[in-house]
Amino acid sequence: MAEPTVDAFRARHLALGRRRIATEHRAAAVTVDEQESPLAWLARRRGRDGRALIEPHQLQAGERLRRDFTVADLMPHVTTNWDNPLASGGAAASAANDTMTDARRRVHAALEAVGPEFAGLLLDVCCFLKGLEDVEREQRWPLRSGKVVLQLALERLARHYGYAGETRGRARAPVRTWLAEGAAFSVK
C-alpha cells in the first residue's frame, strides 16, 4: 500500500517523524505526527527535577491502549459507517472481526485492571487525545493536578501490561539449554 503524500502547506503544520511499528507479518516504517499524542508531548517535557513528566514505560502502556482502542474501532462515528466488513463476507471479513473483538477484549481488560477511578482519564488522554487542561476543566479538578493523576493511572496501566520502570532480579540469568549432560554448545 502506498503511503499518503503530505503537501508543503500541511507539512508546515505537522511535526512529521518516521517510526517502525510491528505488524502481524513484519515491521513497517510509517510516517507519524509527533505532536498528535498528548502522551508523547508529556514524555518530551521535563519537570523541575529534570526528569520526563511521564516515564518511557508509561508512554508505552498508554500508546498500547490507544493502539488497541483504534484497532477495536471504539471511536464514536459521526455518520453511518457503510464500510461494514461483514457485508462483503469471506475470510478477510471474519479475520478483521476477530481482530477487532480481540482488541476490544484487551481494552476492556486494561480498563478493568486500572479501575473506574482511572479508566475515564486514560480514555480521554490516550484514546480521545484530549489535553490535560481540557480534562481538568471537564472534571473540575484543580489546575495542574491532571499530571499527577495521569502518572498514577499510567503506572497502573503499565503494571497491567507487565511494563516496569526498572528491571529487578538477578543481574544475569544462567543460560538454559536442552543439551545432554556433559555436552557443550558451539558455533562453528
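Everything below is about the structure printed above this text.
Residues numbered from 1 in each chain as written. Predicted model: local features only at pLDDT ≥ 70, side-chain atom pairs only at ≥ 80, totals over all residues. Heavy atoms only, no water.

Novice: A description of the overall build of the chain should follow, citing residues and the corresponding values.
Specialist: Check the secondary structure of the chain and you find eight helices and two strands. Helices and strands in the chain line up, N terminus first, as α-β-β-α-α-α-α-α-α-α. Per-residue burial over the chain gives 25% buried out of 188 residues. Restricting to contacts in the chain with at least 6 residues of sequence separation, those with at least 24 account for 55%. Within the structure as shown, the chain displays about 14300 Å² of accessible surface, and the carbon and sulfur contribution to it stands at 53%. (Helix = DSSP H or I, 4+ residues; strand = E, 2+ residues; numbered from the N terminus. Buried < 20%, exposed > 50% of the residue type's maximum accessible area, 1.4 Å probe, protein only. Contact = heavy atoms within 4.5 Å. Areas by Shrake-Rupley, 256 points an atom, 1.4 Å probe, with all protein chains shown as cover.)

Novice: Pulling in residues and values, what's your account of helix α7 (residues 132–139)?
Specialist: Turning to α7, its buried residues are Leu132, Val135 and Glu136. Along the long axis of α7, the arc covered by the buried residues comes to 100°, so they all point the same way. Within α7, the exposed residues directed more than 90 degrees away from the buried face are Glu133 and Arg137. Next to the buried residues of α7 lie α2 (38–44), α6 (116–127) and α8 (146–161). Within two residues after α7, Arg140 carries a phi angle of roughly 60°, on the positive side. (Arc of directions from axis to C-beta.)

Novice: Hey, could you go over the nonpolar core for me, with residue numbers and the actual values?
Specialist: Grouped together as the largest cluster of nonpolar side chains are 27 residues, with contacts concentrated most on Leu65, Leu122, Leu150, Leu154 and Leu157. Broken down by element, the residue count for this core peaks at seven residues, all from α6. The residues touching Leu154, leaving out its near neighbours within four places in the chain, are Leu39, Ile54, Gln58, Ala61, Gly62, Leu122 and Cys126. (Core = buried A, V, L, I, M, F, W, Y, C linked by side-chain atoms within 4.5 Å.)

Novice: Let's hear about unusual backbone geometry: which residues, and what values?
Specialist: A positive phi angle, near 60°, is found at Arg140, a position not held by glycine. Secondary-structure assignment places Arg140 in the loop between α7 and α8. The phi angle at Arg144 is positive, at roughly 65°, despite the residue not being glycine. Note that Arg144 resides in the loop between α7 and α8.

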